[in-house]
Amino acid sequence: MVSPEEVLSFWLDECGPEDWYRSDPDFDKKIRERFEGTWREATKGALGLWLTYPSGTLAYIILTDQFPRNMFRDSGVAFSTDHLSLAAAKMAIERGWDMKIDEPARQFFYLPLMHSENLCDQDRAVRLIHTRMPEHGDGNRDHAAAHRAVIRDFGRFPYRNDALGRKTTAAEQAFLDAGGYGAAIRAQQAAAKQGHLR
């Protein structure tokens, strides 16, 4: 197993915003090789001590929310520990631990809410990014609003359907054919320019 400090050093120091949200098979492989074993320990409940202090909880959230999306891209396993990261994020926010972490790393406390297929979580993500990310929230605000709009429209993320073995409805297929999330974020950016937030 790796330590929380190793997770944070890799994600926040070795990597950066240009790495966090890109799709790159080599980068995904690197994460898998370094962190899959520790992620599997998290699935067994073995990392409870990480959840006893702010930076450890941040590392736990990155491990269970961000890393699976790289390690298991296009697979249902990519979302299999979302419930762990969501519970950890809610606990940390309740304790004010997110505010003990500087931006832009603070955003990772809010991404499990943004990744949730629950509208209440989506509303909370938008609110937290607006109120607690004053320096680096601009891009995240657009993405949070776009995620919320998709959940408002469909109650789930249609672009996960194939990976999760879910049947896609006609309305969802039309959304995917029109550009899916890319179209949703462009619509949100256009609305934001006009002073509207979906």
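Predicted model, so just to flag it, every value in this text is computed and none were measured.

The next thing to look at is the side chain of Arg-106. You can see Arg-106 is positioned in the loop between α5 (82-94) and α6 (111-114). Within polar-contact distance, the side chain of Arg-106 engages the backbone oxygen of Ile-101 at 2.9 Å. Of the polar contacts made by the side chain of Arg-106, one reaches the backbone oxygen of Arg-132; its length is 2.7 Å. Apart from residues no more than four positions distant in its own chain, Arg-106 is found in contact with Asp-98, Met-99, Ile-101, Arg-132, Met-133 and Pro-134.

On to the domain arrangement of the protein chain. Split by domain assignment, the protein chain resolves into domain 1 (1-115) and domain 2 (118-197). On a C-alpha basis, the centroid separation for the pair domain 1 and domain 2 is 21 Å. Between domain 1 and domain 2, the contact holds 20 residues from the first and 20 residues from the second. The junction of domain 1 with domain 2 conceals about 1,700 Å² of combined surface from both sides, 60% of it contributed by carbon and sulfur atoms.

As a further point, take the pattern of salt bridges. For the structure on display, the rule yields 15 salt bridges. For Arg-22, the salt bridge is made with Asp-19, and the minimal N-O distance between the two is 2.8 Å. Since its relative accessible area comes to 10%, Asp-19 is described here as buried. Salt-bridge contacts for Arg-166 lead to Glu-117; the nearest nitrogen and oxygen are separated by 3.0 Å. Of this pair, Arg-166 sits in the loop between α9 (161-164) and α10 (170-177) while Glu-117 sits in the loop between α6 and α7 (119-132), and the two are 49 residues apart along the sequence. Its relative accessible area of 21% is what places Arg-166 among the partly exposed residues. Among the residues examined, Glu-117 registers a relative accessible area of 29% and is labelled partly exposed. Through salt bridges with shared partners, a single network forms among Asp-19, Arg-22 and Asp-24.

Time to look at the environment of Pro-17. Mapped onto the secondary structure, Pro-17 falls in helix α2 (residues 17-20). Distance from Pro-17 to Ala-178, taken between C-alpha atoms, is 27 Å for residues 161 residues apart in sequence.

A separate point is the nonpolar core. Within the largest apolar cluster, 44 residues are counted, with the highest numbers of intra-cluster contacts made by Trp-11 and Phe-67. Only α1 (4-14), α3 (25-43), α4 (54-71), α5, α6 and α7 provide two or more residues apiece to this core. For this core, the leading source of residues is α4, giving eight residues. The residue makeup of this core includes at least three contributed by each of domain 1 (1-115) and domain 2 (118-197).

Leaving glycine out, the prevailing phi sign among residues is negative, and the prevailing peptide bond configuration is trans. Here Glu-103 and Pro-104 are connected by a cis peptide whose omega angle stands at 0°. Structurally, Pro-104 can be placed in the loop between α5 and α6. Its identity as a non-glycine residue notwithstanding, Asp-74 has a phi of 70°, on the positive side. Secondary-structure assignment places Asp-74 in the loop between α4 and α5.

Basis of the calculations
Residues numbered from 1 in each chain as written. Predicted model: local features only at pLDDT ≥ 70, side-chain atom pairs only at ≥ 80, totals over all residues. Heavy atoms only, no water. Helix = DSSP H or I, 4+ residues; strand = E, 2+ residues; numbered from the N terminus. Polar contact = N/O pair within 3.5 Å; in protein donor to acceptor, adjacent residues only side chain to side chain. Contact = heavy atoms within 4.5 Å. Domains from an automatic or database assignment. Buried area = accessible area lost by both parts, 1.4 Å probe. Salt bridge = Lys/Arg side-chain N within 4 Å of Asp/Glu carboxyl O. Buried < 20%, exposed > 50% of the residue type's maximum accessible area, 1.4 Å probe, protein only. Core = buried A, V, L, I, M, F, W, Y, C linked by side-chain atoms within 4.5 Å.

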